[in-house]
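# Secondary and tertiary structure notes
Listed here are the chains, written in short residue letters.
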Amino acid sequence: MYSFLGNIAKFILKIFNRVEVHNLDKLPKDSGFIIACNHISWVDIVGLGVALLPKQIHFMAKKELFAKKWSKKFITSLNGFPVDRENPGPSSIKIPVKLLKEGKIVGIFPSGTRDGDAPLKRGAVTIANLAKVQIVPAAYVGPTSLKEIFTGKKMRVIIGEPMQISAKGKEALFEATDKLSKRINELEVQIKSK
């Protein structure tokens, strides 16, 4: 389902010349990794997914989206897995660590919300640290609705330099999280200026 819908979205966006991707060559080639991106609307999930095709991203999604049987089935078919943002339990870390160790890509929007000013949470850094994989910072700018896609606004995605996390203790995790936040913000400024 992921490949099917992703390629349909890519085809439609290509017709309207609506996707621009920078620095794809920076993605790690021989291992799983986390891609951490800013989150402004549901459209950036599509933009990031299309930008990395044919690679597939396994996205963390808030558990509320899995409450109904049909939505659970649909989101799971698109490589989504639930996370409880209010009370994250062991599965919030176990599932992504397992995926990463299998060589897969895990997509995390570290702010946890679509509010660009929300402070980054430590989840992405903690998971990368445990799985011993790199975090790739990324930024999305562009449409936030279908209307904006079809009225000329282009999706733009930029990939940053991968970060290797080797943190011991909470303080080191906070520092790495702060560094990731700055990298994502810098990429957002950079892509807006292009």
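As a starting point, this report considers the structure included with it. (Residues numbered from 1 in each chain as written. Predicted model: local features only at pLDDT ≥ 70, side-chain atom pairs only at ≥ 80, totals over all residues. Heavy atoms only, no water.)

### Comments concerning helix H2 (residues 43-52)
At 3.6 residues per turn, the α-helix brings residues three or four places apart onto the same side. By the criterion of burial, H2 is predominantly enclosed, with eight of the 10 residues buried. Turning to H2, its buried residues number three or more, namely Val43, Asp44, Gly47, Leu48, Gly49, Val50, Ala51 and Leu52. (Buried < 20%, exposed > 50% of the residue type's maximum accessible area, 1.4 Å probe, protein only. Helix = DSSP H or I, 4+ residues; strand = E, 2+ residues; numbered from the N terminus.)

### A closer look at unusual backbone geometry
Each neighbour pair has its own omega, and for Leu53 with Pro54 the value is 10°, a cis peptide bond. Checked against the element boundaries, Pro54 lands in the loop between H2 and strand E3 (57-62). For Asn79, which is not a glycine, the phi torsion comes out positive at approximately 70°. Within the secondary structure, Asn79 is located in the loop between helix H3 (69-77) and strand E4 (80-83). The exposure class assigned to Asn79 is buried, which follows from its relative accessible area of 14%.

### With respect to the packing of helix H5 (residues 123-131) against helix H7 (residues 170-192)
One can describe the packing of H5 onto H7 by two numbers: an axis separation of 9 Å at closest approach and a directional angle of 115°. The way H5 lies across H7 gives a crossing that is right-handed. Taking contact as the criterion, the partners of Ala124, Val125, Thr126 and Asn129 in H5 are, on H7, Leu173, Ala176, Thr177 and Leu180. When grouped by side-chain class, the residues that make up the contact of H5 with H7 number five nonpolar, three polar and no charged. (Axes fitted to C-alpha atoms, helices over the stretch in contact; angles between N-to-C directions. Left-handed = near helix turned anticlockwise from the far one by under 90°. Contact = heavy atoms within 4.5 Å. Nonpolar A, V, L, I, M, F, W, Y, C, P; charged D, E, K, R; others polar.)

### Structural notes on the pattern of salt bridges
Think of it this way: side chains of opposite charge can pair up when their charged atoms draw near. One pass over the full model with this rule turns up seven salt bridges. Measuring nitrogen to oxygen at the nearest pair gives 3.8 Å for the salt bridge that ties Glu20 to Lys154. With Glu20 in strand E1 (residues 19-22) and Lys154 in the loop between helix H6 (146-150) and strand E7 (155-159), this residue pair connects regions lying 134 residues apart in the sequence. By relative accessible area, Glu20 is classed as partly exposed at 24%. Accessibility expressed as a relative area gives 28% for Lys154, which makes it partly exposed. With a closest N to O distance of 3.0 Å, Glu102 and Lys104 form a salt bridge. (Salt bridge = Lys/Arg side-chain N within 4 Å of Asp/Glu carboxyl O.)

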